[in-house]
There are 2 protein chains.
Amino acid sequence: MSNQQYLQTLGQQAKTASFQLANLSSQQKSALLHCISEQLTLNTDAILSANAKDVAAAKQNGLTDAMIDRLLLDKPRLAGIIADIDNVINLADPVGSESASQLLDNGLRLTQRRVPLGVVGVIYEARPNVTVDIAVLALKTGNAVILRGGKETLTSNQVLSDVIRQALRIQGLPEDAVQLINSTDRELVTGLLTLDQYVDMIIPRGGQTLQRLCAEKASIPVILGGIGICHLYLDKMADLSRSAEVIINAKVQRPTVCNALDTLLIHEAIAAEYLPRLFEEMAALGVSFYTCDKTKALVDSPAFELHSATDESYSTEWLSLTLGVKVVSNIDDAIEHIRKHSSGHSEAILSDDIHATTHFLNEVDSAAVYVNASTRFTDGSQFGLGAEVAVSTQKLHARGPMALDALTTYKWLATGDYTARK
Amino acid sequence: MSNQQYLQTLGQQAKTASFQLANLSSQQKSALLHCISEQLTLNTDAILSANAKDVAAAKQNGLTDAMIDRLLLDKPRLAGIIADIDNVINLADPVGSESASQLLDNGLRLTQRRVPLGVVGVIYEARPNVTVDIAVLALKTGNAVILRGGKETLTSNQVLSDVIRQALRIQGLPEDAVQLINSTDRELVTGLLTLDQYVDMIIPRGGQTLQRLCAEKASIPVILGGIGICHLYLDKMADLSRSAEVIINAKVQRPTVCNALDTLLIHEAIAAEYLPRLFEEMAALGVSFYTCDKTKALVDSPAFELHSATDESYSTEWLSLTLGVKVVSNIDDAIEHIRKHSSGHSEAILSDDIHATTHFLNEVDSAAVYVNASTRFTDGSQFGLGAEVAVSTQKLHARGPMALDALTTYKWLATGDYTARK
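Quantities reported herein were computed from a predicted structural model and do not represent experimental measurements.

Analysis parameters
- Along each chain, numbering runs from 1 in the same order as the chain's sequence is written.
- Throughout, the order in which chains and ligands are written sets their labels, letters from A for the former and numbers from 1 for the latter.
- Local features in a predicted model are, by the rule used here, given only for residues with pLDDT of at least 70; side-chain atom pairs are given and counted only at 80 or more, and totals for whole chains, interfaces and linings are based on all residues.
- To obtain the side-chain values, all non-hydrogen atoms of the structure were used and water was disregarded.
- Note on conventions: DSSP H or I runs of at least 4 residues are helices, E runs of at least 2 residues are strands, and numbering of each starts at the N terminus.
- Using C-alpha atoms as the atom set, the radius of gyration is obtained and then compared with a globule rule of 2.2 Å times the number of residues to the power 0.38.
- A 1.4 Å probe rolled over the protein chains alone gives each residue an accessible area, and that area as a share of the maximum for its type sets the label: buried under 20%, exposed over 50%, partly exposed in between.
- A contact between two residues is defined here by any heavy atoms of the two lying within 4.5 Å.
- Only the protein chains shown count as cover for residues, and all accessible areas are computed by the Shrake-Rupley method using a 1.4 Å probe.
- Paired strands are those between which DSSP finds at least two bridges.
- Angles run from 0 to 180 degrees between N-to-C directions of axes, and those axes are lines fitted to C-alpha atoms, restricted for helices to the stretch in contact.
- Copy-to-copy alignment: least squares on C-alpha atoms, limited to residues at pLDDT 70 or above in both.
- The term buried area refers to how much accessible surface (probe radius 1.4 Å) is lost by two components on association, counted for both of them together.
- Definition used for salt bridges: Asp or Glu carboxyl oxygen within 4 Å of a side-chain nitrogen of Lys or Arg.
- By the definition adopted for this analysis, an angle is roughly parallel if under 35 degrees, roughly antiparallel if over 145, roughly perpendicular if from 65 to 115, and oblique otherwise.
- Throughout, the ten residues Ala, Val, Leu, Ile, Met, Phe, Trp, Tyr, Cys and Pro are labelled nonpolar, Asp, Glu, Lys and Arg are labelled charged, and all others, Gly among them, are labelled polar.
- Side-chain atoms alone can form a polar contact between residues adjacent in sequence; in general such a contact is a pair of N or O atoms within 3.5 Å, and within protein one must be able to donate a hydrogen while the other accepts it.
- UniProt positions are given in the numbering used here, feature names are shortened, and annotations may be inferred rather than shown by experiment.
- When the near helix sits turned anticlockwise from the far one by under a right angle, the crossing is termed left-handed; a clockwise turn instead gives a right-handed crossing.
- Expected span of a helix, by definition, is 1.5 Å for each gap between consecutive residues, and there is one gap fewer than residues.
- In this description, one arc is meant: the one made by directions from the helix axis to the C-beta atoms.

### Points about the overall build of chain A
Thought 1: Secondary structure assignment for chain A yields 15 helices and 16 strands.
Thought 2: The C-alpha atoms of chain A give a radius of gyration of 24 Å, which matches the 22 Å a tight globule of 422 residues would have.
Thought 3: If one aligns the C-alpha atoms of chain A with their principal axes, the spans along those axes are about 70 × 70 × 40 Å.
Thought 4: Going through the 422 residues of chain A one by one, you find that 59% of them count as buried.
Thought 5: Across chain A, contacts joining residues at least 24 apart in sequence account for 72% of those joining residues at least 6 apart.
Thought 6: Split by element, the accessible area of chain A, about 16,300 Å² in all, is 48% carbon and sulfur.

The structure is reproduced here in structure tokens:
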């Protein structure tokens, strides 16, 4: 079977399964999720031993410790993944609700019913937890999924998806509601991206290269996201006694995630007073800096790891204890810098001046804009959404943290009485 | 200037203009739309004489009468276009409203504010009315637009966009909020589709070839739509005395539009009784037929123009007085046929049996699903939406008739008190 035939088969099977899932009641979907949770628990040993093979291979292939840590499953981690299923079970099911019902002038009664998208394709890296997370979120909303995980976790993903398919069978539901692409051939990724006859949405969960590949090659709507080049503007009217905690939180608390701070923009009126002590505090926490010349003149000391910032460094998502720093003449300079370099994820202003904060909220067009808060809050759970499918940095369909709703669409239902259009 | 440089310039200018438009009040946008309406009236002669050149060239190039009629502007048509602007002025402006405001457990106050998309690219055929329609809808919602019209109407479009840009200047707003691609080079279309640095959404208003080009080549989110392969299933429990009016309305009232009926599916229990008289009535109105063998056996008469249906003919959007006809064994056969051949636009069932109508509403997943009504109702104005940007046949962002809302997105605004994440 060619790659093309293989994908066609997966696509057809997923679409057929999706029809059966579309009209399940919330109770039926909860029973399914309970069964998945149960089966994962029962199969803990098989899952961990498959994962051990992936880990052994990763070590042999010289993967970094950080990468190995990401793909590792152990009992507590698997228990955490299973516990998350219970959280999803308890979320409200958006599917089936009807809204905007009205009697039209033409005599039809028109409503919008929320329905599953159908088939969702998910492409992700070597994180086996995503296999379970995304399958559970898709099934909760009545969608079928086609999964393509990182090649380093294929063995783990095979066992995890087999267990989920077994739960589907136990519940009398089509096992092809969850299908894993069972090969690491890269051609299958681009093939999946053009399977528009069967797949309704692609979610790439990975870095810049994957996002660009999907944007350029997909003929299916893609939710781009998860790339955060995040800015914090420290206004001249900021309460400097309280600012360092927020800046440090944004940069240091979890530097490897997309909502971590990448660039600090600081008003020139407070830079000389504030930057030296901020750098001292941050350097002590292991932060290194890419700075503009003005900053450099203010903080030049062998105690700090300083690099010269460039347009390119200001457009870098650091994902590490690195911070870009730039002195700006005013808030509009800061906004202009953000418009040029931001990925549209999260930006913040610290200021006690309501004119400045209002201006910033109005003029900065990113998924999340903060006043006097850390960028680290851009997250489905922090936003009270319950589940996070992805963090979208595009403007269509869903923006910012995407909840269950984003895995659904609506259809218009209209009922007449043998009504013709006039 | 290369095509690439030209598009980069258009993109940058549009993006810059979009920042200025984003925070206009509804009153300011209404004043702009009034000014556009006024300027179009004042420049009627220039517009009509530019259009006359396009019409003369079209005749010389041997375009069909139907195509020439589509690109023709005369005084009443221009007056109609201008009158439509007044309708748009009176619609509610979705931009600026805030919703879902809540105080999060982490101490932040979080709201969603509706904002313009930013820059919208629109690719359309030789219909100069679209130039005005879409510019007005975009400006009403605070968006900048880059327009690429059909080559046969370039002269008309140049004058129309110049008049709109003049209105922008009169109102003290950036004229680059509306830009027309001023060349018919086809490379500029594919170039526009990958201008993702500046353009937030592409709306292709045209046929299958344009839709596929956009789906395959765009790195910007595209709203596919406007292709309707529409079905009507006549159930055995339909009131046959009232069905012909609906079927004929769906096929004959305006056969050239996307919501016109393409295929009639009829339950075998009523086919022998019903089809001969239906064919007689429809043939008298000029309808020809592509039928299955069972149908053919029932209606075989030299009085009808009959062709044998194929998988390909069942997947054709006729846009003419042609109808596919198929006898099915039951409702599930009909649904299976729809799933296989539909473009996801509009489907209808005629039946007095609530089990059949409920089943059809649940199982058919198209933008609009009708019970006892013509497919012809899928339309922004019929649905009470006021304006129609396009009819989406995809499932993300907007589905079916798209109103002003679909030209907007939201951003999350969160305000703390120097709040760090725990």
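On we go from here.
### Points about the sheet that holds strand E3 (residues 119-124) of chain A
All names here are of chain A.
Thought 1: Reading across from one edge, E5-E4-E3-E6 is the order of the four strands in this open sheet, with parallel pairing throughout. Edge positions in the sheet fall to strand E5 (178-180) and strand E6 (201-205), since each of these pairs with one other strand and no more. In this sheet, neighbouring strand axes are inclined to one another by 20° on average, regardless of whether the strands run parallel or antiparallel.
Thought 2: Alignment of E3 against strand E4 (residues 144-148), held across five bridges, turns out to be parallel. Paired with Gly 121 across the two strands is Ile 146, which belongs to E4.
Thought 3: Those strands touched by helix H1 (residues 3-22) are E3, E4 and E5, and its axis lies near 150° from that of E4.
Thought 4: Packed onto the sheet, helix H9 (residues 208-217) meets E3 and E6 and runs at close to 160° relative to E6.

### A short note on the relation of the copies chain A and chain B
Thought 1: When chain A is brought onto chain B, the operation consists of a screw motion whose angular component is 180° and whose axial shift is 0.0 Å, with 0.0 Å RMSD remaining. Here the symmetry operator amounts to a two-fold rotation axis. Nearest to the rotation axis, the C-alpha of A:His397 is located 1.8 Å from it, this being the minimum over chain A.
Thought 2: Comparing interface residues between copies, 100% of those in chain A also sit at the interface in chain B, which points to an isologous, same-surface contact.

### Re the interface of chain A and chain B
Thought 1: Counting residues at the interface gives 78 residues for chain A and 78 residues for chain B.
Thought 2: Between chain A and chain B lies a buried interface of about 6,600 Å² when both sides are counted; carbon and sulfur atoms form 50% of it.
Thought 3: It is A:Trp412, A:Tyr418 and A:Arg421 that lose the most area in chain A upon contact with chain B, and together they represent 16% of the buried surface on that side.
Thought 4: Across the chain A-chain B interface, the total number found is eight salt bridges.

### Some thoughts on the packing of helix H2 (residues 26-42) of chain B against helix H5 (residues 75-90) of chain B
In helix packing, the relevant descriptors are the interaxial angle and the interaxial distance, both defined with respect to the helix axes.
All names here are of chain B.
Thought 1: Closest axis-to-axis distance for the H2/H5 pair is 10 Å, and the angle between their directions is 170°. In terms of axis orientation, H2 runs roughly antiparallel to H5. Along its contact with H2, which presents Ser 30, Leu 33, His 34, Ile 36, Ser 37, Leu 40 and Thr 41, the element H5 presents Leu 78, Ile 82, Ile 85, Asp 86, Val 88 and Ile 89.
Thought 2: Considering only residue class, the contact of H2 with H5 consists of eight nonpolar, four polar and one charged.

### A closer look at the pattern of salt bridges
Thought 1: The final tally for this structure, using the stated rule, is 40 salt bridges over all chains.
Thought 2: The residue A:Arg421 makes a salt bridge to B:Asp379 at a minimum N-O spacing of 3.9 Å. Of this pair, A:Arg421 sits in the segment after strand E16 (408-419) while B:Asp379 sits in the loop between strand E13 (368-373) and strand E14 (390-392), on two different chains.
Thought 3: Overall, A:Arg421 belongs to the buried group, its relative accessible area being 16%.
Thought 4: The buried category is assigned to B:Asp379, whose relative accessible area is 17%.
Thought 5: For B:Lys294, the salt bridge is made with B:Glu268, and the minimal N-O distance between the two is 3.8 Å. Taken together, the residues B:Lys294 in helix H12 (residues 293-299) and B:Glu268 in helix H11 (residues 268-284) connect sequence positions 26 residues apart.
Thought 6: Judged by its relative accessible area of 46%, B:Lys294 falls in the partly exposed class.
Thought 7: Three or more residues are tied together by salt bridges with common partners; here these are A:Lys15, A:Asp200, B:Asp365, B:Lys395 and B:Arg399.

### Regarding the environment of A:Lys296
Residue and element names in this part refer to chain A.
Thought 1: Structurally, Lys 296 can be placed in helix H12 (residues 293-299).
Thought 2: Look at Lys 296 and you get partly exposed, because its relative accessible area is 32%.
Thought 3: Between the C-alpha atom of Lys 296 and that of Leu 32, which follows or precedes it by 264 residues, the distance is 58 Å.

### Re the side chain of A:Thr357
Residues and elements named next belong to chain A.
Thought 1: Tracing the backbone shows Thr 357 in helix H15 (residues 354-363).
Thought 2: Taking relative accessible area as the criterion, Thr 357 reaches 9% and is therefore assigned buried.
Thought 3: Engagement of the side chain of Thr 357 in a polar contact is seen with the backbone oxygen of Ile 354, the distance being 3.1 Å.
Thought 4: Once residues lying within four places of it in the same chain are set aside, the contact partners of Thr 357 are Ile 349, Ser 351 and Val 371.

### Re the UniProt feature "domain: Aldehyde dehydrogenase" (unreviewed entry) in chain A
Thought 1: In the UniProt entry, the feature "domain: Aldehyde dehydrogenase" (unreviewed entry) is given for residues 12-287 of chain A.
Thought 2: Annotation note: span residues 12-287 of chain A, helix share 53%, strand share 16%, distance between end C-alpha atoms 50 Å.

### Looking at the sheet that holds strand E2 (residues 109-116) of chain A
Thought 1: Pairing is mixed in the open sheet, where 10 strands are placed in the order E1(A)-E2(A)-E16(A)-E13(B)-E12(B)-E7(B)-E8(B)-E11(B)-E9(B)-E10(B). In this open sheet, the two strands that pair with only one neighbour each are strand E1 (98-103) of chain A together with strand E10 (306-308) of chain B. Strand-to-strand, the axes of this sheet are offset by a mean angle of 20°, without reference to chain direction.
Thought 2: As paired strands, strand E9 (residues 288-291) of chain B and strand E11 (residues 322-328) of chain B are joined by four bridges and run parallel to one another. By the bridge assignment for E11(B), B:Ser288 is matched with B:Thr322.

### Examining the packing of helix H14 (residues 331-341) of chain A against H15(A)
Residue and element names in this part refer to chain A.
Thought 1: As a packed pair, H14 and H15 sit with axes 11 Å apart at the nearest point and diverge in direction by 20°. One way to sum up the angle between H14 and H15 is to call them roughly parallel. For the crossing formed where H14 meets H15, the hand is right-handed. The residues of H15 that touch H14, namely those facing Ile 331, Asp 332, Ile 335, Ile 338 and Arg 339, are Ala 356, His 359, Phe 360 and Glu 363.
Thought 2: Classifying every residue of the contact of H14 with H15 by side-chain character gives five nonpolar, one polar and three charged.

### Re helix H3 (residues 44-60) of chain B
Residues and elements named next belong to chain B.
Thought 1: The first and last C-alpha atoms of H3 sit 24 Å apart over 17 residues, in line with the 24 Å expected at 1.5 Å per residue.
Thought 2: Considered for burial, the residues of H3 that qualify are Thr 44, Ile 47, Leu 48, Ala 50, Asn 51, Asp 54, Val 55 and Ala 58. The arc enclosing the buried residues of H3, seen along the axis, measures out at 160°, which places them on a common side. Seen from the buried face of H3, the exposed residues on the opposite side, beyond 90 degrees, are Asp 45, Lys 53 and Gln 60.
Thought 3: Each element contacted by the buried residues of H3 is listed here: H2, helix H4 (65-71), H5, helix H6 (128-140) and helix H7 (154-170).
Thought 4: Gly 62 occupies a position one or two residues after H3 and carries a positive phi of about 75°.

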